[in-house]
Amino acid sequence: MSVQLVSVVLLFGVFGLMALGVPLTYAAGALAVLVSYIQFGPAAVAIAHKTVYGLATEYVLISVPMFVLMASLLERSSLARDLYDCLNSVFGRMRGGIAIVTLLISVILAAISGIIGGEIVLLGLVALPQMLRLKYDPKLAIGTVCAGGSLGTMIPPSIVLIVYGLAADVSVQRLFMASVVPGLMLAGFYLIYVVARCHLDPKAAPDPSPDAAGRFDRDKLVRGVLPAAALIVTVFGCIYGGVTSVTEAAGIAVAMTILIIVLRGEFSVGLLHQALVQTLRACGIILWVTFGAAVLISVYNLSGGQSFVTELIRGLDISPIVTVLLMMAIFAFLGCFMDWIGVLLLCIPIFVPIIITLGYDPVWFGILFSVTMQMSFLTPPFGPAAFYLKSVAPPEITLQMIFASLWPFMLIQLATLILLLLFPGIALWLPGMIL
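A few points on the structure. (Residues numbered from 1 in each chain as written. Predicted model: local features only at pLDDT ≥ 70, side-chain atom pairs only at ≥ 80, totals over all residues. Heavy atoms only, no water.)

Before going further, it helps to spend a moment on the overall build of the protein chain. Counting its regular elements, the protein chain contains 22 helices and zero strands. Since a compact globule built from 435 residues should have a radius of gyration of about 22 Å, the 22 Å found for the protein chain is in line with a globular shape. Expressed as lengths along the three principal axes of its C-alpha atoms, the size of the protein chain is roughly 75 × 45 × 45 Å. A burial count over the protein chain gives 54% of its 435 residues as buried. (Helix = DSSP H or I, 4+ residues; strand = E, 2+ residues; numbered from the N terminus. Rg over C-alpha atoms; globule rule 2.2 N^0.38 Å. Buried < 20%, exposed > 50% of the residue type's maximum accessible area, 1.4 Å probe, protein only.)

Note on aromatic pairs: each is described by the distance of the centres and the angle between the planes. In this structure the tally under the stated criterion is eight aromatic pairs. Considering the side-chain rings of Tyr164 and Phe369, the 6.2 Å spacing of their centres and the 25° angle between planes classify their relative orientation as stacked. With Tyr164 in helix H10 (residues 159-168) and Phe369 in helix H18 (residues 362-378), this residue pair connects regions lying 205 residues apart in the sequence. What makes Tyr164 buried here is its relative accessible area of 0%. Assessed through its relative accessible area of 0%, Phe369 is described here as buried. Ring centres of Tyr193 and Phe409 lie 5.3 Å apart, and the angle between their planes is 80°; this geometry places the pair in the edge-to-face category. Here the residue Tyr193 occupies a position in helix H11 (residues 172-200), and Phe409 occupies one in helix H21 (residues 407-422), the gap between them amounting to 216 residues. Residue Tyr193 is classed as partly exposed on the basis of its relative accessible area of 21%. With a relative accessible area of 1%, Phe409 lands in the buried category. Through successive ring pairs, a cluster of aromatic residues spans Tyr164, Phe331, Phe351, Phe365 and Phe369. (Phe/Tyr/Trp six-rings, centres within 6.5 Å; stacked < 30°, edge-to-face > 60°.)

This next bit is on the nonpolar core. Ranked by size, the top nonpolar core spans 146 residues in total, and within it Phe331 and Phe365 carry the most contacts. Looking at this core, the element that brings in the most residues is helix H17 (residues 340-357), giving 13 residues. (Core = buried A, V, L, I, M, F, W, Y, C linked by side-chain atoms within 4.5 Å.)

Taking 1.5 Å per residue as the helical rise, helix H4 (residues 63-76) with its 14 residues ought to reach 20 Å, and the 20 Å between its terminal C-alpha atoms agrees with that figure. For H4, the buried fraction is high: 10 of the 14 residues fall into the buried class. Burial in H4 covers these residues: Ser63, Val64, Phe67, Val68, Leu69, Met70, Ala71, Ser72, Leu73 and Leu74. (Expected span 1.5 Å × (residues − 1).)

Considering the arrangement of structural elements, one finds Tyr240 in helix H12 (residues 218-240). In this structure, the C-alpha to C-alpha distance between Tyr240 and Gln173, residues 67 residues apart in sequence, is 7.3 Å.

If you walk through the whole model with that rule in mind, you get four salt bridges. A salt bridge links Arg197 to Asp201; the nearest nitrogen and oxygen atoms lie 3.7 Å apart. In this structure, Arg264 and Glu266 form a salt bridge, with 3.2 Å as the shortest nitrogen-oxygen distance. For the pair Arg264 and Glu266, a shared accessibility class is recorded, and that class is buried. (Salt bridge = Lys/Arg side-chain N within 4 Å of Asp/Glu carboxyl O.)

This is the structure:
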């Protein structure tokens, strides 16, 4: 088969099988094996084994289950509630104080866990009922929880950036450093919007009252803020200080999390078992999708797909920045229908060599990708953030209401993406200064 025919078969084959309900990992893997058999004969089927083995033995890949396990353990601890209580005692008397606290907790949880599902569920259980009870605008409350809970894609230790580093053969440490400023900048934009909205629209948040927040309690500080701060400082210090690799820092983080839960008197065999089962399920999904998509891309590149796509884009006779915009548009479109890991593994191995050829830094491109994927978390019809929140929201909160609440935050994400496109130094100055 020609490379053009292979491109059509793989593209429409994957989407056709997914439309029939076949999971992405099986759709991509089975189609890749079939095409390799037809294209190169029985011996080429060994490509699948070689690709999967190469990925499975990547040392940095071990950090993924470690960070997922840490997030699973924290999800079952009451640390987030104590953290919320402590911050609420400080900011609760401000107009929109609970929304502000929710965003601050979102940043802290993102810096601890690196995944979004658990964050949104926690915030949906802890913060959303409080805001609804105090007569916050439901759309503001919903948008704050979903957008804030999605910051895990940007703020390290982001699982998205770890997998991107594997797929693009880029230093995960540099990606983490590059994402700090954009991630905090995006969180800052959310905060500015929430504060401005609460002050400009009196109906968006209630008037603060003297008893809106509890008295500051040192016990809450010790049980809530200090353990979270210790985790963040330890993980970031190990990674950015050059003490350990990302994988080793993940292992230390898990050990610290278990120690914190033990010291808080919350540890039990049942808690550990539930966290391990959740980690196994989450990592099973990530690994199988990774293997299936990686085999598909290997077969496609072996068929000449990389050269074909590169020449196709060059043949469009468009400027390099327009090429990047075209790639972002593809990410955004695919993100409406696929999970981030599918988009990453199907596109990044093809796009990153083109980005390097155009003279751009793949680390910068990785930050653009993570912002675009954060938009996809809120974008219908897939929008996983909306479904995570719906799973714990009151019955009167419908999916239509959730999606209608997210557009201001999506505009903020789009503005952040434009700033990163126009000023790459926002992402690249920190890794350039440290490394």
